[in-house]
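Descriptive structure summary
These are the residues of each chain, in order.
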Amino acid sequence: MGLNSNRVEAACNETALRITTTDSLTSMDVHRVCLPPKQTVFQVLKHRLSEIFFPDDPLHRFKNQSPFTKLVLGLQYFFPIFQWGPNYNLKLLKSDIISGLTIASLAIPQGISYAKLANLPPIIGLYSSFVPPLIYAVLGSSRHLAVGPVSIASLVMGSMLGESVSNTEEPILFLKLALTATLFAGIFQASLGLLRLGFIIDFLSKATLVGFMAGAAIIVSLQQLKGLLGIVHFTGKMQIIPVMSSVFKHTNEWSWQTIIMGLSFLAFLLTTRHISTRKPKLFWVSAAAPLTSVILSTIIVFAFRAHIHGISTIGHLQKGINPPSANMLYLHGPYLGLAIKTGIITGILSLTEGIAVGRTFASLRNYQVDGNKEMMAIGLMNMAGSCASCYVTTGSFSRSAVNFNAGAQTAVSNIVMAATVLVTLLFLMPLFTYTPNVILGAIIITAVIGLIDYRAAYRLWCVDKLDFFACMSAFFGVLFLSVQMGLAIAVGVSMFKILLHVTRPNTVVLGNIPGTQIFQNLSRYQVASRVPSFLILGIESPVYFANSAYLQERILRWVREEEDRIRESNESPLKCVVLDMSAVTAIDTSGIEAIRELRKTLEKRLIQFVLVNPVGEVMEKLHRSRILESFKLNGLYLTVGEAISDISSLFKAQP
């Protein structure tokens, strides 16, 4: 007589019953399958919401603390400067001053360059390198993130706004839309952090970002050919074919003076970058190179201004700190939708880059960066920046790497950088009058060339061909369609990959490793062997409405193929299908109905259907649906080994 292992107990304290046969595989204890502890609907909802929105349990530090301590901890949580500020000393200040001055030498020329890339006045780039770093120093949790304009967000903002508004014909309107897009980028970013919805940005997978960044870097570099060649009439489009057509269509505008100066300084910048890459201790070489190039080129143009006529310069830049710009926000009118869309897209990109950079350097120094706090910090930084003549800013990888290598200890390095930019805004702006635009192009090319990560693309090819396809789709989408389409393709391919994994989950046939109670994939383990009269299957995903029909069809196909194999090899007929549900993390009513239909179908074919080790939530839903009652005796087991042991004993007991 067989053991009724289908009894489901809420509290499993009973001793296991033992079944002994002559076969070592079928000699083991059979344990009852337990239900999870009973919970009210409120308890279940509370647990589910806490796992979705508070996986890091941010309030754990407040437990069992006095009201004053809770107040201090609250200030430290929302304003990280209160966490490290009390322990700040002169030794840390010395390191932060050195690193702050170092990144300022990089931030000033890059700020001017990236503003030009966004089709904004160069001074906006310097404004954006002053106010946002000060705000981030108070609100940010990363010690090494260097804040300021970045190339990709600048490119996207310039190209998206430029499709509807000309920055040359309507510069004031263009600037208003850029500031408004920055405001909405900040609102979107801060909202994600406040509502703890940071998982939304995870839809931009690493693979798609590699392709998108590489494509955008190439487009950015090709756009700089306008300045490197001295072309006056250049296309405003961002696709590779129109850009290259424009280059060769206007060969009569090429300026040999501009080309010589551009290639010379580009070679200098790339050489210094190579030196710093090969020898990280010489990080200051590449960090100082952009400002050095600006100074040298400005001196050359000023000294030979009477003889050099083909090299365009930045021109007059207004002195003074950031003027208020709240009155310039474009909050109603036909282009408001464009500003909102641009803000959300640039917000997502800048947020993804900033958090990734912050976490990268935090891992190198063994401290944590809170993603949701970073979202709020970057969002509030951009909201405030939009009212202070700044456009979208975030953490820059190139500046953060220099900041890290220069020995930055806290966010004070951002304050030092901002102070240096302030001095520049107040006293040094006339010095940039004769700075050639070609130098800005060379600086941009040198900065974005590091975004072309061909090694990462090769690793994707070696590890996951679908990820490589996503990478290449985003890459070619940016190159041949547009930056926005490339981003849309990147998100679309990422979503398709998720849907593919959800709707077509993996199912495997398991076999026993001789001499053990271990059951593993037959295709992976050559030593594993089939158990006569049994087909053991494993599902490696949740069972939802989206995949329940597929799983039902796939399991029946496995049964059909197993029966064909048995007939060909004259083995004992198939009597039982064992479904290992250890990896099924969730199930819905469609999944339960699919299991019910499978049981009925197999029962008509005189094949027993057995479930093994459903996890807590799955077990609870199976119990509530009363589907387990239809399995009768011997339909539910804790392990595959126990199922084989018990059912084999029943087969042997039958006449």
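In the nomenclature of an unreviewed UniProt entry, the protein corresponds to Probable sulfate transporter 3.4 from the organism Nelumbo nucifera. Under the Subcellular location (unreviewed entry) heading, UniProt states for the protein: "Membrane".

1. Side note on helix H4 (residues 90-117)
Between its first and last C-alpha, H4 extends 39 Å over 28 residues, near the 40 Å set by a 1.5 Å rise per residue. Its axis deflected by about 25° at Ala107, H4 carries its strongest bend there, up to four residues before the proline Pro109. The backbone nitrogen of Lys91 lies 3.1 Å from a side-chain oxygen of the residue at the head of H4, namely Asn89. Within two residues after H4, Asn119 carries a phi angle of roughly 60°, on the positive side.

2. Quick look at the domain arrangement of the protein
You can read the domains of the protein as domain 1 (88-313 + 332-497) and domain 2 (505-653). In this structure, domain 1 and domain 2 have C-alpha centres spaced 54 Å apart.

3. Thoughts on the side chain of Asn547
Position of Asn547 relative to the elements: it lies in the loop between strand E7 (534-539) and helix H22 (548-569). Under the relative-accessibility criterion, Asn547 is labelled buried at 1%. In contact with Asn547, other than residues within four places in its own chain, are Val502, Thr503, Pro505, Ser541 and Pro542.

4. Considering the side chain of Asn403
With respect to the element layout, Asn403 can be found in helix H16 (residues 397-405). Within the structure, Asn403 has its side chain in polar contact with the side chain of Ser413 (distance 3.2 Å). Non-local contacts of Asn403, meaning those with residues more than four positions away in its chain, are made with Ser99, Ile103, Arg143, His144, Leu145, Ala146, Ala408 and Ser413.

Rules used in this analysis
Residues numbered from 1 in each chain as written. Predicted model: local features only at pLDDT ≥ 70, side-chain atom pairs only at ≥ 80, totals over all residues. Heavy atoms only, no water. UniProt positions renumbered as here; feature names shortened; annotations may be inferred. Helix = DSSP H or I, 4+ residues; strand = E, 2+ residues; numbered from the N terminus. Expected span 1.5 Å × (residues − 1). Bend = angle between axes of the 7 residues up to and from the residue. Polar contact = N/O pair within 3.5 Å; in protein donor to acceptor, adjacent residues only side chain to side chain. Domains from an automatic or database assignment. Buried < 20%, exposed > 50% of the residue type's maximum accessible area, 1.4 Å probe, protein only. Contact = heavy atoms within 4.5 Å.

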